[in-house]
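Coordinate inspection notes
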Amino acid sequence: MKKLLFVSTLLLSSLSLTAVASGTGEHAHGAGHDDHASAIGKPGNPAKVTRTMTVDMSDAMRFTPATINVKRGETVKFIVKNSGKIKHEMVLGTMQELKEHAEVMRKNPEMEHADENQVSVDPGKTGEIVWQFTKAGTFDFACLQPGHFEAGMKGTVAVK
Ligand SMILES: [Cu+2]
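The present account deals with the structure reproduced in this document. (Residues numbered from 1 in each chain as written. Predicted model: local features only at pLDDT ≥ 70, side-chain atom pairs only at ≥ 80, totals over all residues. Heavy atoms only, no water.)

1. Here we look at the environment of F149
Applicable threshold: Here a helix means four or more residues in a row that DSSP labels H or I, a strand means two or more in a row labelled E, and each is numbered from the N terminus. Residue contacts follow a heavy-atom distance rule, with two residues in contact if any of their heavy atoms lie within 4.5 Å.
Summarising the element assignment, F149 is placed in the loop between β9 (137–142) and β10 (154–159). In sequence terms F149 and M61 are 88 residues apart; their C-alpha atoms lie 8.0 Å from each other. Those residues within four positions of F149 in sequence are excluded, and the remaining contacts are M95, L98, K99, A102, A142, C143, L144 and K154.

Rendered as structure tokens:
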């Protein structure tokens, strides 16, 4: 899906359609040719972590804290703790990406995640995400286990 969109973006660019440049910017990150780069930053180097923070996930369908502030350029290690009795996950992205992803999850509830912007954590366990926030703005994170996002299991990262 992503690849198809990317290819069509390339085709359009090669036709010099200036309309593309004034588009939503949704695929602007494709310009970097880095599969893992995203509108919200990129996977961080574990050796260059500048801040470590713990995020708790509970069966009340909440992240604590749900509002995170970081400085642009910071590499943050999230220690993601599941204090509930069911599986939860933390997925970083733009609201658009998260909604698309939630839709895929509804169709494939058993889907496992392996991307670096997300971690699935079994009950009582702890996972990690190391992420570098390279762009300023307000981004989102959510638990995309079916029903959780809809129940309000989400939060924001403000990058200044
Ligand atoms: Cu959850």
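2. What to know about the coordination of the copper ion
To keep it simple, the criterion reads: Donor atoms: N, O and S within 2.8 Å of the metal, or within 3.2 Å for Na, K and Ca. Because water is excluded, sites can look incomplete. Think of it this way: with four donors and all angles in the 85 to 135 degree range, the site is tetrahedral; with four or six donors, opposite ones beyond 155 degrees and the rest between 65 and 115, it is square planar or octahedral; otherwise it is irregular.
Of the protein atoms, only H88 (ND1), C143 (SG), H148 (ND1) and M153 (SD) coordinate the copper ion, at distances of 2.0 to 2.6 Å. Given 4 donor atoms and angles of 93 to 134° at the metal, the environment of the copper ion is assigned as tetrahedral.

3. Overview of the pattern of salt bridges
To be explicit about the condition: Salt bridge, as used here: a side-chain nitrogen of Lys or Arg that lies within 4 Å of a carboxyl oxygen of Asp or Glu. Residue burial is assigned from relative accessible area. The probe radius is 1.4 Å, only protein chains are included, and a residue is buried under 20% of its type maximum, exposed over 50%, and partly exposed in between.
Counted by the stated rule, this structure contains 5 salt bridges. For E103, the salt bridge identified is with R106, shortest N-O distance 2.8 Å. Of the two residues, E103 and R106 are both situated in helix α3 (residues 95–107); the distance of 3 residues between them amounts to about one turn of the helix. Given a relative accessible area of 34%, E103 falls into the partly exposed group.

4. Describing the environment of N108
Position of N108 among the secondary structure elements: in the loop between α3 and β7 (118–121). The spatial distance from the C-alpha of N108 to the C-alpha of P146 is 9.1 Å, given a sequence separation of 38 residues.

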